[in-house]
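Structural overview
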Amino acid sequence: MPVPSPLPDDTIAAIATPQGRGAVALLRVSGPNALDVLRRVAPALGDVRPREQRLAALLHPQSGELLDRGLVTYFAAPASYTGDDTVEMATHGGVLTPQLVLDALLAAGARAAEPGEFTRRAYLNGKLDLLQAEAVADLIDGRSRALHRAAVHQMERGLSRRVSELRDALIGTEALIAYSIDFPEEDEPPVPPARIQASARDVIGRIQALLATAPEGELLREGALTVLAGRPNSGKSSLFNALLGTERAIVTDSPGTTRDALEASASVDGYPFRLVDTAGLRETTDRVEGMGIEVARRYLAGADLVLFCVVSGRPADDDERAFLAGIPPERLVLVRTKSDAHPVDADAADAAAVTVAVSAATGAGMEALRRALLGKAFGGILGGPGEAPLVTRERHARALRTARDETGAFLDAMNDGVPMEFAATHLRAAVAALEDLVGAVSVDDVLDRVFGTFCVGK
Ligand SMILES: Nc1nc2c(ncn2[C@@H]2O[C@H](COP(=O)(O)OP(=O)(O)OP(=O)(O)O)[C@@H](O)[C@H]2O)c(=O)[nH]1
Ligand SMILES: [Mg+2]
């Protein structure tokens with residue numbers, strides 16, 4: 001049985017804002033002695049009332065040296081971010097002042113906090129569940145609007161609520177089974193097995209709907225790896241620049257200009273993409289170009305999306321067709337480039353793939369290309385999350401798959417005539433997987449993994 005972590009009883013302190021030049025820095029102290037620590041660095045403060053912001057002289061507790069004047073606020077447990085007594089101090093920013101105040105807090109009896117330790121305490125005190133804690137990390141680290149929206153939704157318990165509904169449904173099914181088992185001698189079971197099966201099937205369907213968002217939800221964090229490929233001179237670098245809106249890659253009229261892969265982040269309607277411009281694909285005896293083509297192939301193997309560039313005005317040649325045939329259509333967008341200079345002809349090779357004609361020179365077709373990229377990479381979750389929560393981490397998907405498979409195993413066991421009380425152990429396992437997901441009972445190594453990636457002070 002996993003054992004919940006004991007509640008820590010020491011007092012931690014950290015600078016919560018980033019190091020560097022800035023008007024204000026925020027320091028946090030949390031734990032049972034937070035108020036004592038505050039009194040030792042701000043001895044002139046007198047009475048301190050919760051949630052009242054006070055200007056205080058901040059001194060080193062041993063030397064008595066005045067370090068700064070700052071605004072301090074005391075949050076009495078349990079009405080604080082962590083659920084423990086907490087003090088927040090806004091001091092002047094910069095590299096030195098906050099560090100000196102932190103040194104004073106440590107000299108006054110606090111311990112330097114580990115990354116994510118404040119949020120970890122909030123979790124241990126039941127202020128947040130694990131999904132909400134992860135959402136806090138996403139709010140801090142997220143670089144795309146779409147991930148930000150998902151994180152806000154998750155912080156508001158969007159996914160947590162859905163998971164707890166599923167858990168309730170499974171527990172409801174367990175209750176129906178317990179009820180049936182209690183009346184073994186009845187001729188007619190009080191709860192028809194069909195009703196129990198229907199309720200388990202309903203849970204599987206709902207888990208499946210959540211899991212369907214996972215591939216795209218997980219892409220929100222890293223961005224969809226989108227590789228531009230095609231023959232030399234097909235306009236890849238020009239398209240790369242046009243999508244980025246800056247002249248990042250070198251463009252010339254001589255084939256073989258791009259040698260190394262060039263990567264840049266781009267946002268399309270707030271959804272994150274990692275664009276990669278590559279060397280043109282062709283047979284070559286040039287060693288450097290050959291290495292560049294090798295790199296291109298490696299990128300292509302790991303790509304979420306491939307933008308294959310073929311100049312307009314001519315059908316795709318045999319090499320291009322062979323290449324196109326090797327890419328799964330759901331990952332492929334065929335781009336007919338330089339549409340301003342050449343008429344775009346119909347082409348049999350285009351039939352299977354989404355095809356967009358563009359001109360990097362005039363911008364024609366770029367909007368359609370952006371829409372195609374969005375649809376291909378994020379089609380399933382576009383516009384979300386409104387009502388529907390998203391599965392944005394592998395950890396979530398893994399737990400949901402376990403819950404789904406265990407519920408399925410329960411149904412199989414029932415079909416095989418396994419007595420219901422034994423079949424029901426699978427439902428227990430499904431409930432446990434969902435409880436792990438929200439962190440109802442989590443072992444320390446799960447917590448270490450979740451909180452270890454946080455910044456100090458959060
Ligand atoms: N008229 C027109 N010319 C274009 C367009 N896009 C690219 N070109 C020209 O086509 C040539 C090749 O463009 P690049 O973007 O360097 O092509 P590339 O595929 O990156 O070439 P390599 O790096 O050599 O593989 C340059 O002379 C560009 O100016 C376009 O939309 N319209
Ligand atoms: Mg190029």
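This text goes with the structure placed above it.
Reading the values: the criteria
- Residues numbered from 1 in each chain as written.
- Chains lettered and ligands numbered in written order.
- Predicted model: local features only at pLDDT ≥ 70, side-chain atom pairs only at ≥ 80, totals over all residues.
- Heavy atoms only, no water.
- Helix = DSSP H or I, 4+ residues; strand = E, 2+ residues; numbered from the N terminus.
- Contact = heavy atoms within 4.5 Å.
- Donors = N, O, S within 2.8 Å, 3.2 Å for Na, K, Ca; no water.
- Buried < 20%, exposed > 50% of the residue type's maximum accessible area, 1.4 Å probe, protein only.
- Phe/Tyr/Trp six-rings, centres within 6.5 Å; stacked < 30°, edge-to-face > 60°.
- Near = heavy atom within 4 Å.
- Polar contact = N/O pair within 3.5 Å; in protein donor to acceptor, adjacent residues only side chain to side chain.
- Nonpolar A, V, L, I, M, F, W, Y, C, P; charged D, E, K, R; others polar.
- 1 Å grid on protein atoms, 1.4 Å probe; cavity = no way out; pocket = protein on both sides within 12 Å on 5 of 7 lines; lining within 4 Å.
- Points joined across faces, edges and corners; volume = space filled by probe spheres on them.
- Core = buried A, V, L, I, M, F, W, Y, C linked by side-chain atoms within 4.5 Å.
- Salt bridge = Lys/Arg side-chain N within 4 Å of Asp/Glu carboxyl O.
- Pairing = 2+ DSSP bridges.
- Right-handed = clockwise from strand over helix to strand, strands pointing away.

Topic: the environment of Gly452
Following the sequence through the fold, Gly452 ends up in the segment after α16 (444-451). Considering only alpha carbons, one finds Gly452 and Glu117, 335 residues apart in sequence, at a separation of 8.7 Å. The contacts of Gly452, once residues within four sequence positions are left out, are Pro115 and Leu447.

Structural notes on the coordination of the magnesium ion (ligand 2)
Perfect tetrahedral coordination of a metal by four donors corresponds to 109.5 degrees between them, and perfect octahedral coordination by six donors corresponds to 90 or 180 degrees. Looking at the metal site, the magnesium ion (ligand 2) is ligated by Ser237 (OG) and Thr258 (OG1), spaced 2.0 to 2.1 Å from it. Pair noted here: Ser237 is in helix α9 (residues 236-244) and Thr258 is in the loop between α9 and β8 (262-268), with a separation of 21 residues, a long-range link. Each member of the pair Ser237 and Thr258 is classed as buried.

Description of the side chain of Glu174
Among the structural elements, Glu174 can be located in helix α6 (residues 158-181). On the basis of relative accessibility, which here comes to 17%, the residue Glu174 falls in the buried class.

Regarding the packing of aromatic side chains
A full pass over the atoms with the stated rule returns three aromatic pairs. On the basis of an interplanar angle of 90° and a centroid distance of 5.5 Å, the ring pair of Phe273 and Phe378 is categorised as edge-to-face. Linking Phe273 in strand β9 (residues 271-277) with Phe378 in helix α12 (residues 366-378), this pair joins segments that are 105 residues apart in sequence. Each member of the pair, Phe273 as well as Phe378, is classed as buried. Seen from their ring centres, Phe308 and Phe323 are 4.6 Å apart, and the 20° between their planes marks the pair as stacked.

Let's talk about the site of ligand 1
The immediate surroundings of ligand 1 are formed by 23 residues, with Lys236, Ser238, Gly256, Thr257 and Asp340 found nearest. Contact distances for ligand 1 include 2.6 Å between an oxygen atom and a side-chain N or O atom of Ser238. One nitrogen or oxygen atom from the side chain of Ser359 is found 3.4 Å from an oxygen atom belonging to ligand 1. Looking at the shell around ligand 1 residue by residue, the classes come out as six nonpolar, 12 polar and five charged.

Observations concerning empty space enclosed by the protein
A full pass over the atoms with the stated rule returns two cavities of 30 Å³ or more. Approximately 50 Å³ is the volume attributed to the largest cavity. Lining the largest cavity, in full, are Leu243, Ala266, Ser267, Val268, Phe273, Leu275, Arg370 and Leu373. Looking at the lining of the largest cavity element by element, the count peaks at three residues for β8.

Side note on the nonpolar core
If you look at the biggest cluster of nonpolar residues, it comprises 35 residues, and the most contacted ones within it are Ile196, Leu400 and Phe410. Mapped by element, the contributors of at least two residues to this core are α6, α7 (193-211), α13 (394-415), α14 (420-423) and α15 (425-438). The element best represented in this core is α13, accounting for eight residues. Apart from the residues lying within four places of it in its own chain, the contact partners of Leu400 are Ile207, Leu210, Leu211, Val391, Leu434 and Leu437. In this structure, Ala264, Leu369, Leu374 and Leu390 belong to the second largest nonpolar core, which totals 33 residues.

Here's the deal with the pattern of salt bridges
Once their charged atoms are close, side chains differing in charge can pair, the charge on each being opposite to the other. Evaluated as defined, the whole model comprises 23 salt bridges. In this structure, Glu174 and Arg428 form a salt bridge, with 2.8 Å as the shortest nitrogen-oxygen distance. With a gap of 254 residues between them, Glu174 in helix α6 and Arg428 in helix α15 connect regions that are remote in the sequence. Accessibility expressed as a relative area gives 43% for Arg428, which makes it partly exposed.

Quick word on unusual backbone geometry
Each neighbour pair has its own omega, and for Ala77 with Pro78 the value is 0°, a cis peptide bond. Position of Pro78 relative to the elements: it lies in the loop between β4 (66-75) and β5 (86-92). Positioned with a positive phi, Arg51 is a non-glycine residue whose angle comes to about 60°. Looking at the secondary structure, you find Arg51 in the loop between α1 (34-41) and β3 (54-59). Note on Arg51: relative accessible area 54%, which makes it exposed. Phi is positive for Asp269, which is not a glycine, with a value near 55°. For Asp269, the location among the structural elements is in the loop between β8 and β9.

A look at the pairing of strand β10 (residues 305-311)
With seven of seven residues buried, β10 is to be regarded as a mostly interior element. Judged by which residues are buried, β10 turns out to be covered on both faces: Leu305, Leu307, Cys309 and Val311 on one side and Val306, Phe308 and Val310 on the other are all buried. Where strand β7 (residues 224-230) and β10 come together, five bridges link them in parallel fashion. The residue bridging Leu228 from the neighbouring strand is Leu307, located in β10. The sheet contact formed by β10 and strand β11 (residues 332-337) spans six bridges and is parallel. Across the sheet, Val311 pairs through a bridge with Thr337, a residue of β11. In this region the chain leaves β10, passes through helix α11 (residues 318-325) and returns to the parallel neighbour β11; the handedness of that crossover is right-handed.

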